[in-house]
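# Topology and contacts: notes
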Amino acid sequence: MTVSIYNTVSRLKEPFVSQEPGKVKMYVCGPTVYDYIHIGNARPVIFFDVVRRYLEDVGNEVQYVVNFTDVDDKLIRKAEQLGTTVPEVAETFIAAFYADIESLGVHKATLNPRVTEHIPQIVAFIQGLIDKGYAYMSDGDVYYRTSAFADYGKLSHQNIEELQFGIRVEIGDRKENQQDFVLWKGAKPGEIKWESPFGDGRPGWHIECSAMARAYLGDTLDIHGGGHDLQFPHHECEVAQSEALTGKPLANYWMHNGYIHINNEKMSKSLGNGISVHELVKRVKPHAIRYFMLSTHYRSPLNFSDDTVAQAENSVERIANSAANLKHRLSSFEGKLNEAAGGGNGLVHSGDEALDARLKVIHEQFHAKMSDDFNTPDAITTVFDLVAEANQYLNRADASAEAIYALLTLFERMDAVLGLLPQQQADAELLDADIEQLIVERTEARQSKNWARADEIRDLLIVKNIVLEDTPQGIRWRRK
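Here the structure is a predicted model, which means the values were calculated and not measured.

### Quick notes on the packing of helix α4 (residues 119–131) against helix α5 (residues 205–217)
Axes are the key here: two packed helices are described by the angle between their axes and the distance separating the axes. The contact between α4 and α5 brings their axes to 9 Å, and the two run at 105 degrees. Between α4 and α5, the angle falls in the class roughly perpendicular. Between α4 and α5, the contacting residues are Q121, I122, F125, I126 and L129 on the first element and I207, E208, S210, A211 and R214 on the second. Grouping the amino acids of the contact of α4 with α5 by side-chain chemistry returns 6 nonpolar, 2 polar and 2 charged.

What follows is the structure, encoded as structure tokens:
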């Protein structure tokens, strides 16, 4: 399966070829852990999770690295506000990050390196740049000399004379040029610091990713990703640092996802319209948030509003109900399912040639969309094609266990990439087995005309957000 990727550097879709066949080295810039992640942070977290899943689905082993920036001006200010230390702030919000991404169905990265655990590698990297003439010391700080790197600006397609100075870069008389950026910040009184040949201090923002990516994935990555806002200055500076030191491309493919707007306004601190994932999952189903993020192509802007999220909830519920109906119907054939023969490409034979042909087309269309620069909205359309096929088949009087199993298998194979189906989490008081037993008890109570007990069980299930549905195969339940 040939996958094409839109490369930010070339601004073209290019066939993806990893440096080592069957193995992919991917680095995505992670959060600065001074607060809960907001939905803007969640977009790359969810999207690159899908990229990783799809590359694995088509046969690759993916080494996926996402860093934590656990020392920074923002963490220092937060520690001062809370009357605690920078490491304690970092620990709090790293734990919150893991909880948030788990709720969104995101798999943990292969590695989550932290800046504070890689100071020796960062110092050695900076020293290498100084030795080569790409960096210089000035009044306790170390700066990168952008004029020494001829290709500065090639990633963001800007001319160095036209570049505007980026975030987290201090302009001052200590620099040779305005575009130069800090690699090492001299320590201020009372700040967290480390010893180095340049004096006590801490790393600048850009250098950390260059050093950690190199430490775990080597001089050249297959894929480097992040949000559109990171193209400049962060990724541009990474390119300059890494390629100056190694003489090799930092990454063969650069991927950037688009911005998120809130009610058609750009999300920004000045507008105060940011929404944390921590709060959002309390009122919106997490799998609906994931669906919302994937329902628009990753390079396009995405508008968040109550209406768009409500639409996402309705849409993903249709998918979840269809899959649940297949599972429930299959359970009615207990002991009657013959061992299904493989149909190739992850499919199984249904015993119905016409159905097999339709499932093959849906499966091929899904891969055609996903392999075309990870076109998740069109891939979701093929999932709805499968929903329609499943719903239609379940109305057939001659439905077979093998056919239902084939439909369900394709559902699960596609969802292993997209992750849209809600994760079945056990209720603290009612496990699945408890619910099944209560339904049996309620059925027996109704048959014996013990209406009080039947109503009592019904009310308990309602309180626990368990929905009962009558089907031709009996009562089916689902968590609301």
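### Observations concerning helix α3 (residues 86–103)
Between the first and last C-alpha of α3 there are 26 Å, a value that for 18 residues agrees with the 26 Å anticipated at 1.5 Å per step. Summarising the contacts, the buried residues of α3 are in contact with α1 (39–57), α2 (73–82) and α7 (277–280).

### As for the packing of aromatic side chains
Tallied over the entire structure, the rule returns 15 aromatic pairs. With a centroid separation of 6.2 Å and an interplanar angle of 15 degrees, the aromatic rings of Y134 and Y144 are classed as stacked. With Y134 in the loop between α4 and β5 (135–138) and Y144 in strand β6 (residues 141–144), the pair connects residues that are 10 residues apart, well separated along the chain. Assessed through its relative accessible area of 0%, Y144 is described here as buried. Grouping aromatic residues by their ring pairs yields a cluster made of F47, F48, Y54, Y298 and F374. Here the basic side chain of K108 rests over the ring of Y98, its NZ or CZ set 4.1 Å away from the ring centre. Between the NZ or CZ atom of R299 and the centre of the ring of Y298, over which it lies, the distance is 5.9 Å.

### Points about the pattern of salt bridges
Taken as a whole and assessed by the stated rule, the structure comprises 25 salt bridges. Linking E191 and R202 is a salt bridge whose minimum nitrogen-to-oxygen distance equals 3.5 Å. Here the residue E191 occupies a position in the loop between β7 (181–186) and β8 (201–203), and R202 occupies one in strand β8, the gap between them amounting to 11 residues. Both residues of the pair, E191 and R202, count as buried.

### Some thoughts on the sheet that holds strand β11 (residues 260–262)
The strand order across the open sheet built from 3 strands is β12-β11-β13, with neighbouring strands paired in mixed fashion. Among the strands making up the open sheet, the edge pair consists of β12 (265–266) and β13 (302–304). For β11 and β12, the ladder comprises 2 bridges, and the chain directions are antiparallel. Across the sheet, residue I262 finds its bridge partner in β12, namely E265. Here α1 sits on the sheet in contact with β11 and β13, set at roughly 145 degrees to β11.

What counts and how
Residues numbered from 1 in each chain as written. Predicted model: local features only at pLDDT ≥ 70, side-chain atom pairs only at ≥ 80, totals over all residues. Heavy atoms only, no water. Axes fitted to C-alpha atoms, helices over the stretch in contact; angles between N-to-C directions. Helix = DSSP H or I, 4+ residues; strand = E, 2+ residues; numbered from the N terminus. Parallel < 35°, antiparallel > 145°, perpendicular 65-115°, else oblique. Contact = heavy atoms within 4.5 Å. Nonpolar A, V, L, I, M, F, W, Y, C, P; charged D, E, K, R; others polar. Expected span 1.5 Å × (residues − 1). Phe/Tyr/Trp six-rings, centres within 6.5 Å; stacked < 30°, edge-to-face > 60°. Buried < 20%, exposed > 50% of the residue type's maximum accessible area, 1.4 Å probe, protein only. Lys NZ or Arg CZ within 6 Å of the ring centre and 35° of its normal. Salt bridge = Lys/Arg side-chain N within 4 Å of Asp/Glu carboxyl O. Pairing = 2+ DSSP bridges.

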